[in-house]
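One letter stands for each residue in the lines below.
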Amino acid sequence: MYSKVISVAPLENYILLIELSDNSKGTFDMKPYLDFGSYKALKDNEYFKKVRVQAGDITWPDEQDIAPERIIAEMKRIQ
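Fair warning: this is a prediction, and the values are worked out from it, not measured in the lab. (Residues numbered from 1 in each chain as written. Predicted model: local features only at pLDDT ≥ 70, side-chain atom pairs only at ≥ 80, totals over all residues. Heavy atoms only, no water.)

Now for the packing of aromatic side chains. Under the counting rule described, the total for this entry stands at 4 aromatic pairs. Both rings, one in Y14 and one in F48, keep their centres 5.3 Å apart while their planes meet at 80°; by these two values the pair is edge-to-face. Remark: F48 occurs in helix 1 (residues 45–48) and Y14 occurs in the loop between strand 1 (5–10) and strand 2 (15–20); sequence separation between them is 34 residues. In this structure an aromatic cluster arises from ring pairing among Y14, F48 and W60. (Phe/Tyr/Trp six-rings, centres within 6.5 Å; stacked < 30°, edge-to-face > 60°. Helix = DSSP H or I, 4+ residues; strand = E, 2+ residues; numbered from the N terminus.)

Moving on to the sheet that holds strand 2. Across a sheet, strands are paired by hydrogen bonds formed along the backbone, either parallel or antiparallel in direction. Spatial strand order, 1-2-3-7: 4 strands in an open sheet with antiparallel pairing. Both edges of this open sheet fall to strand 1 and strand 7 (76–78), since each of them pairs with a single strand only. Mean inter-strand twist for the sheet, computed between neighbouring axes without regard to direction, equals 30°. Note: strand 2 against strand 3 (residues 25–29), 5 bridges, orientation antiparallel. Paired with L16 across the bridge in strand 3 is F28. (Pairing = 2+ DSSP bridges. Axes fitted to C-alpha atoms, helices over the stretch in contact; angles between N-to-C directions.)

See the structure below:
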């Protein structure tokens with residue numbers, strides 16, 4: 001079973017600081033996604049900062065989301 005995202009905070013340069021339910025923390029780089037589909041809206045830095053956790057997923061108001069499975073696979077862990 002995958003961990004769930006329990007907190008997220010936007011950082012500079014389209015990076016997210018993430019904490020998972022297994023107490024691990026890390027960063028997730030959104031830049032590779034910003035040129036595709038609904039993620040293009042995240043290029044607006046003020047909109048990007050509206051990130052939140054909803055049911056263990058990272059989401060934005062217009063329903064863009066990143067599943068925890070992707071976060072876990074790609075995030076850079078912080079010790």
